[in-house]
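# Architecture and fold: a report
Below are the chains, spelled out letter by letter.
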Amino acid sequence: MPRAAITSVGHYVPETVYPNSYFEQYLDTSDAWIVERTGIRERRFACNGATSDLIIPAARQCLERRGISAEDIDCIIVATVTPDYFFPSTAAVVQRKLGATRAWGFDLSAACSGFIYALVVAAKLVEAGFSRRLLLCGADKMSSIVNFDDRATAVLFGDGGGVVLLEPSDNPDVGVLDAVLYMNGEGGQYLYMPAGGSAKPPSLETVQNKEHYVFQEGRTVFKEAVIRMAEVTLQIMERNGLRAEDIAWLVPHQANLRIITATAERMGLSMDKVMVNIDRYGNTTAATIPLCLSEWYQAGKLDYGDRLILVSFGAGYTWGAVYLRWSLPKPD
Ligand code: ACO
């Protein structure tokens, strides 16, 4: 069975930057609080467009870097909690906008773990020979579901999109090598969007009660995230015989710098081996990990054969880790 290898990457963030000082103007918050408690200094918000519009420029960059066209893609998976519509899927919208006429595809919902979950599904499709050129997109327009009057959530999120191309590789030493995924539905009550789905369809009342926004019991989610991110990372290291010195990069979901630091500490990994861009983008949900991968690739900081651990924790609760060896040389 071939391995599924990442053969190209791309990313996109909106141009408009919202520094912490933006929230200081109208909320009871401060730059000092936000930086100290989260590590976030600024984020980007899309003034126009939908989640698919965050994906298209990232997808074009990804295809261009690989030197292929949209018609070469045979499958599109979009991980997101902010789809353009309930239906059709954002994957179908992306297919049309990109002109990927030969592709089938679907959306996958696992919140902040969306990219990790989708990467595992995508890798299995490629390993099984069911897809040969799979476009895996992680994107969220969090500004469309965040209550800008709620200081506890407004400052945390940002908009962005990241895309990777997965192809089969006959080299057994590179590509997606192992993964561990978990879910605990008991955590659903601490991080969710109360209305808009079939459990509570939209009504005048749900709008008035502001139930179409992210609800989060931050402290509860934080405690669980710290435990689970470290636990699953240590588990994947142990079962693959990996020591901290074997790992080139930890690629954590970017929800809170303190969660990231705690995970690295438990691994015995110094922070210069951890991808961090939360300071510039905030939590872009399904986009954080592919955004990191694309930025680090672009900066020439990823090399062929590098051992990476990708790890995330998010609503559901959902969490998991992927062990992969990087399959691209540094860019010219
Ligand atoms: N500015 C100033 N004060 C604030 C702000 C703010 N923006 N937000 C909250 N506070 C206040 C609170 O009201 C509280 O005040 P009180 O003590 O008087 O009640 C105080 O700060 C402490 O609040 P906590 O919620 O305990 O603050 P904490 O240190 O836990 O930080 C945060 C909050 C950043 C949300 C943190 O809990 C966190 O990162 N949680 C996990 C996030 C996460 O990983 N989510 C999963 C992924 S997201 C997804 O799946 C979509």
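The residue numbering used here restarts from 1 in each chain and proceeds along that chain's sequence as written. For this predicted model, a pLDDT threshold of at least 70 governs which residues receive local features, and a threshold of 80 or more governs which side-chain atom pairs are given and counted, while totals over whole chains, interfaces and linings are taken from all residues. The side-chain values count all of the structure's non-hydrogen atoms but skip hydrogen atoms and water molecules.

### With respect to the packing of aromatic side chains
We call Phe, Tyr and Trp rings a pair once their centres come within 6.5 Å, taking the six-membered ring for Trp, and we label the pair stacked below 30 degrees between planes, edge-to-face above 60, and tilted otherwise. Per the counting criterion, the structure on display carries 16 aromatic pairs. For the pair tyrosine 18 and tyrosine 22, a centre-to-centre distance of 4.8 Å together with 90° between the ring planes defines the contact as edge-to-face. Note on tryptophan 104 and phenylalanine 130: the rings are 6.0 Å apart at their centroids and 90° apart in plane angle, and the pair reads as edge-to-face. Of the two residues, tryptophan 104 is situated in strand E5 (residues 104–108) and phenylalanine 130 in the loop between helix H5 (114–127) and strand E6 (134–141); the sequence distance between them amounts to 26 residues. Three or more aromatic residues joined by ring pairs form one cluster here, namely Tyr18, Tyr22, Phe23, Tyr26, Phe45 and Phe148. What counts as a helix is a DSSP run of H or I of at least four residues, what counts as a strand is a run of E of at least two, and both are numbered from the N terminus.

### A closer look at helix H9 (residues 257–267)
Inspection of H9 places Ile259, Ile260, Ala262, Thr263, Ala264 and Met267 among the buried residues, and these make up the whole buried set. It only takes one pair of heavy atoms within 4.5 Å for two residues to be counted as in contact. Looking at the buried positions of H9, the neighbouring elements they touch are helix H8 (218–239) and strand E11 (249–252). Backbone geometry just after H9 places glycine 268 at a positive phi near 75°. Between buried and exposed lies partly exposed: a residue is buried under 20% and exposed over 50% of the maximum accessible area for its type, with that area taken using a 1.4 Å probe on protein chains only.

### Examining the packing of H8 against H9
Interhelical geometry of H8 versus H9 gives an angle of 35° and a closest axis separation of 9 Å. H9 is crossed by H8, and the crossing has right-handed handedness. For the pair H8 and H9, contact is made by Phe222, Ala225, Val226, Met229, Ala230, Thr233, Leu234 and Met237 and by Arg258, Ile259, Ala262, Thr263, Arg266 and Met267, respectively. All residues other than Ala, Val, Leu, Ile, Met, Phe, Trp, Tyr, Cys, Pro, Asp, Glu, Lys and Arg, Gly among them, are scored as polar; the first ten of these are nonpolar and the last four charged. In terms of residue class, the contact of H8 with H9 is made up of ten nonpolar, two polar and two charged. Axes here refer to lines fitted to C-alpha atoms; in helices the fit is confined to the stretch in contact. Angles between the N-to-C directions go from 0 to 180 degrees. Throughout, a crossing is termed right-handed when the near helix is turned clockwise from the far one, and left-handed when it is turned anticlockwise from it by less than a right angle.

Function-wise, these values are silent; they only describe arrangement.
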